[in-house]
Amino acid sequence: TLCEVVTDPSISQMQVAARQIVDWSSQNLMNINTKKTKEMLLGSILSNSPPLILLNDSTVERVTSFKLLGLTITNNLNWEEHITNVCNKANKRLHYLKLLKRCSVSVDDLLHYYKSVIRPTIEYACPVWQSGLTNDQRDRLESLQRRALKLISNSYDYELYCVIYDIEPIAVRLDNLARQFFYKICRSTDCINYLLPNKRPLDLLNRLRQPNSLPGILCKTNRFYRSFIPYAIQHYQ
């Protein structure tokens, strides 16, 4: 995966980097599948795009969305398409939960199936996207768990059975998982700790009314503010 920040389309170095990848692959007896290679532009560069990239004399397709490591990313950084894919995938697995229920599988086993097969589909890589969800998208994810607990319990009392089965509401669970991930990357030994801003000096912290060790990040757009690191610094310290 290659990426670059481009202020002027005429000085994009992506073609140079692509050529280096092709040369390296050839030297190491590997082939790049151009048909599976995609390019996506984000931000203001969309209005003044650089030339298309060539790989082995074939043009790389420029797309508005693609799937990277299980996440559907769009060029407007909106998570609607990803949430739609998550709901579709979880709904297929809910069908199997219904079949297990018809076969008189025990409640404990149904809960185990939900927690190990369906819920991981809903929360996969949630620190990346949970802070940028709309209320409607959160409700759609919550409805998946509502349906699962209704199947398991034969009851519409969602809040009660969340307590009985010791299951967090999806909105709470996503937030807790993101918080845990943030605490993890705050450790100096973590491999992506360098993405965080430098910690404030101890003498400065002692003079602050709210002594947060990490300073906030200046965000010019709400989209950037709702991304993981600025949001986590603001809400999880």
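Above: the structure in question.
Novice: Would you explain unusual backbone geometry in this entry?
Specialist: Glycine aside, a negative phi is what most residues show, and trans is what most peptide bonds show. Although it is not a glycine, Asp 57 sits at a positive phi angle of roughly 65°. In this structure, Asp 57 sits in the loop between strand 2 (54–55) and strand 3 (58–59).

Novice: What am I meant to see in helix 3 (residues 107–123) here?
Specialist: The periodicity of an α-helix, 3.6 residues per turn, causes residues three or four positions apart to be oriented the same way. Its 17 residues place the ends of helix 3 22 Å apart at the C-alpha level, agreeing with the 24 Å of an ideal helix rising 1.5 Å per residue. Within helix 3, the axis deviates most sharply at Lys 115, by approximately 35°. Those residues of helix 3 lying buried are Leu 110, Leu 111, Tyr 113, Tyr 114, Ile 118, Arg 119, Thr 121, Ile 122 and Glu 123. Where helix 3 is buried, its residues meet helix 2 (80–102), helix 4 (126–129), helix 5 (135–153) and helix 7 (170–185). The positive-phi residue at the C-terminal boundary of helix 3 is Ala 125, with phi of around 55°.

Novice: I'm lost on the packing of aromatic side chains in this one. Help?
Specialist: Inspection of every chain in the model, using the stated rule, returns five aromatic pairs. Plain terms: the ring middles of Phe 181 and Phe 228 are 5.6 Å apart, the flat faces sit at 55° to each other, and that makes the pair tilted. Taken as a pair, Phe 181 in helix 7 and Phe 228 in helix 10 (residues 228–235) lie far apart in primary sequence, 47 residues in all. Owing to a relative accessible area of 10%, Phe 228 belongs among the buried residues under this scheme. Of the aromatic side chains, those joined through ring pairs into one cluster are Phe 182, Tyr 183, Tyr 231 and Tyr 236.

Novice: Before we go on, may I ask you to explain the packing of helix 5 against helix 7 in this structure?
Specialist: The description of two packed helices rests on the angle between their axes and on the distance between the axes. Running from N to C, helix 5 and helix 7 cross one another at 115°; their axes reach a closest spacing of 9 Å. When the axis of helix 5 is compared with that of helix 7, the two are roughly perpendicular. Each of Leu 141, Glu 142 and Gln 145 in helix 5 lies in contact with helix 7, whose residues at this interface are Ile 170, Ala 171 and Leu 174.

Novice: What is the right way to read a positive patch on the surface from this model?
Specialist: A surface patch of like charges, here positive, comprises Lys 98, Arg 102, Arg 147 and Lys 150. Looking at the positive patch, the elements with two or more residues in it are helix 2 and helix 5. Here Arg 102 shows up in helix 2.

Novice: Can you help me understand the environment of Pro 201 in this one?
Specialist: Following the sequence through the fold, Pro 201 ends up in the loop between helix 7 and helix 8 (202–205). Residue Pro 201 is classed as partly exposed on the basis of its relative accessible area, which comes to 46%. As for Pro 201 and Glu 81, which are separated by 120 residues in sequence, their C-alpha atoms are 42 Å apart.

Novice: Even after reading the chapter, I still don't get the environment of Ser 58, so can you show me in this structure?
Specialist: Tracing the chain through its elements places Ser 58 in strand 3. Residue Ser 58 is classed as partly exposed on the basis of its relative accessible area, which comes to 32%. When sequence neighbours within four positions are dropped, the list of residues in contact with Ser 58 reads Thr 34 and Ile 53.

Calculation notes
- Within every chain, residues take consecutive numbers counted from 1 along the sequence as written.
- Residue-level local features of this predicted model are given only where pLDDT is at least 70; pairs of side-chain atoms are given and counted only at 80 or more, and the full residue set underlies all totals for whole chains, interfaces and linings.
- Hydrogen atoms and water are omitted, and side-chain values are computed over all heavy atoms in the structure.
- Helix numbering and strand numbering both begin at the N terminus, where a helix is a DSSP run of H or I of at least 4 residues and a strand a DSSP run of E of at least 2.
- An expected span of 1.5 Å times one less than the residue number is assigned to each helix.
- Consider a residue and the seven residues that end there alongside the seven that start there; fitting an axis to each set, the bend is the angle between those axes.
- Think of it in three bands: residues with accessible area under 20% of the maximum for their type are buried, residues over 50% are exposed, and the middle band is partly exposed, with areas taken using a 1.4 Å probe on protein chains only.
- In what follows, residue pairs with any heavy atoms lying within 4.5 Å of each other are defined as contacts.
- Ring pairs shown here join Phe, Tyr and Trp side chains whose ring centres sit within 6.5 Å, with only the six-membered ring taken for Trp; geometry is labelled stacked below 30 degrees between planes, edge-to-face above 60, and tilted in between.
- Fitting a line to C-alpha atoms yields each axis, with helices limited to the stretch in contact; the angle taken between N-to-C directions then spans 0 to 180 degrees.
- In this scheme, roughly parallel covers angles under 35 degrees and roughly antiparallel covers those over 145, while 65 to 115 is roughly perpendicular and the rest are oblique.
- Nonpolar side chains (Val, Leu, Ile, Met, Phe, Trp, Tyr) within 5 Å and like charges within 9 Å form the patches, drawn only from residues with over 30% relative accessible area and no salt bridge.
- The Shrake-Rupley method, run with a 1.4 Å probe sphere, supplies the accessible areas, and residue values consider only the shown protein chains as cover.
- Salt-bridge detection follows one rule: a side-chain nitrogen of Lys or Arg within 4 Å of a carboxyl oxygen of Asp or Glu.
- In summary, the charge assignment counts Lys and Arg as positive and Asp and Glu as negative, without counting His or the chain termini.
- Charge coordinates come from a single atom per side chain, which is NZ of Lys, CZ of Arg, CG of Asp or CD of Glu.

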